[in-house]
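An overview of the molecular structure
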Amino acid sequence: GIQVEQSPPDLILQEGANSTLRCNFSDSVNNLQWFHQNPWGQLINLFYIPSGTKQNGRLSATTVATERYSLLYISSSQTTDSGVYFCAVEDDSGGSNYKLTFGKGTLLTVNP
Amino acid sequence: GAGVSQTPSNKVTEKGKYVELRCDPISGHTALYWYRQSLGQGPEFLIYFQGTGAADDSGLPNDRFFAVRPEGSVSTLKIQRTERGDSAVYLCASSRQGYTGELFFGEGSRLTVL
């Protein structure tokens, strides 16, 4: 099956700093989503971005499908940004495409 | 409802007992998914429903696990003869019919098997 690798596995920032999280995947994809899992375990949708660039406030994401990677940018980080960021993909294998395969996540800690 | 609702939020049981976990998807979403998340890992696919039928149950770990969605809305994940290794957070997600787009997750049910 498709492999999803996220880097870095851990990241510690001071409030106000910027960061870039990376997601590499091993095959072409129909669907790519970025999630933030907060300390209570809730998975919050950040972006649905199988290709292109999107921005939402301090967050933006870019997926270069032909090169099989996606980047999540966090600017002016806040303590509430802390948590685990997951990249999840749905591979373009034809037929029933609906399973998301998750990476292991990036644990972000933003200190005040 | 406004979001995916899961109950119970926490369940502690003894090895060998039977457990049911419930998921109420977003209103109008006909696709429903169950995932399982172990500590320090990303969620892993268990089963997918389109309407009332299980379109793919290939992620269920063994025959102790079973899920139903009799009316195409609420789903129940059933675990028989629970084992300590079943301890995890069980996540439910839903998405719109025929749209392999965004999945929306519930808050999960944390299962602890003693």
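The numbering scheme is per chain: residues are counted from 1 as the chain's sequence reads. Going through the entries in the order they are written, you letter the chains from A and number the ligands from 1. At least 70 in pLDDT is required for a residue's local features to be given in this predicted model, at least 80 for side-chain atom pairs to be given and counted, and no such filter applies to totals for whole chains, interfaces and linings, which use all residues. Derived side-chain values reflect all non-hydrogen atoms in the structure, with water molecules and hydrogen atoms excluded from consideration.

Quick word on the interface of chain A and chain B
Only heavy atoms enter the contact rule, under which two residues are in contact if any of them lie within 4.5 Å. Taken together, the contacts link 18 residues of chain A with 22 residues of chain B. Throughout, buried area stands for the accessible area (probe radius 1.4 Å) lost by two parts on being put together, summed over both. Summed over both sides, the interface of chain A with chain B buries roughly 1,700 Å², with 52% coming from carbon and sulfur. Per-residue buried area on chain A facing chain B is highest for Gln42(A), Tyr48(A) and Tyr98(A); these three make up 32% of the total on that side. The salt bridge criterion pairs a side-chain nitrogen of Lys or Arg with a carboxyl oxygen of Asp or Glu, the two atoms within 4 Å. Counting across the interface, chain A meets chain B through 1 salt bridge. Within 3.5 Å is the distance limit for a polar contact, defined as a pair of N or O atoms, with the added protein rule that one can donate a hydrogen and the other accept it, and that residues adjacent in sequence qualify only through two side-chain atoms. Between the two partners, chain A and chain B, sit 8 residue pairs in polar contact (both at pLDDT 80 or more). Put simply, the parts of the chain that give the side of chain A that touches chain B at least two residues each are strand E4 (29-37), strand E5 (43-48) and strand E9 (83-91) of chain A. Helix numbering and strand numbering both begin at the N terminus, where a helix is a DSSP run of H or I of at least 4 residues and a strand a DSSP run of E of at least 2. No other element matches the 4 residues that E4(A) contributes to the side of chain A that touches chain B. Side-chain classes follow a simple rule in which Ala, Val, Leu, Ile, Met, Phe, Trp, Tyr, Cys and Pro form the nonpolar group, Asp, Glu, Lys and Arg form the charged group, and the remainder, Gly included, forms the polar group. In terms of residue class, the side of chain A that touches chain B is made up of 7 nonpolar, 8 polar and 3 charged.

Some thoughts on the sheet that holds strand E1 (residues 5-7) of chain B
Residues and elements named next belong to chain B. In short, DSSP must find at least two bridges between two strands for them to pair. Judged by pairing direction, the sheet is antiparallel, and its 4 strands sit side by side in the order E1-E3-E8-E7 without closing on themselves. Two strands close off the open sheet at either side, each with one partner strand: E1 and strand E7 (65-68). Neighbour-to-neighbour, the strand axes of the sheet open up by a mean angle of 15°, direction not taken into account. Summarising the sheet, E1 and strand E3 (residues 19-24) pair through 3 bridges and their orientation is antiparallel. What sits directly across from Ser5, in E3, is Asp24. All axes are obtained by fitting lines to C-alpha atoms, using only the stretch in contact for helices, and the reported angles, taken between N-to-C directions, cover 0 to 180 degrees.

Concerning the packing of aromatic side chains
Two rings from Phe, Tyr or Trp (for Trp, the six-membered ring) form a pair when their centres sit within 6.5 Å of each other. Planes less than 30 degrees apart are called stacked, planes more than 60 degrees apart edge-to-face, and all others tilted. The full count for this structure, using the stated rule, is 8 aromatic pairs over all chains. Geometrically, the ring pair formed by Phe35(A) and Phe105(B) is edge-to-face, given 5.4 Å between the ring centres and 85° between the ring planes. Here Phe105(B) lies in strand E10 (residues 104-105) and Phe35(A) lies in strand E4, a pairing that spans two chains. Exposure categories follow from relative accessible area, calculated using a 1.4 Å probe and restricted to protein chains: below 20% of the type maximum is buried, above 50% is exposed, and the middle band is partly exposed. Among the residues examined, Phe35(A) registers a relative accessible area of 0% and is labelled buried. We classify Phe105(B) as buried; its relative accessible area is 5%. Lying across the ring of Tyr69(A), Arg22(A) places its NZ or CZ 4.3 Å from the centre. The criterion for a charge sitting over a ring is simple: Lys NZ or Arg CZ within 6 Å of the ring centre, and within 35 degrees of the ring normal.

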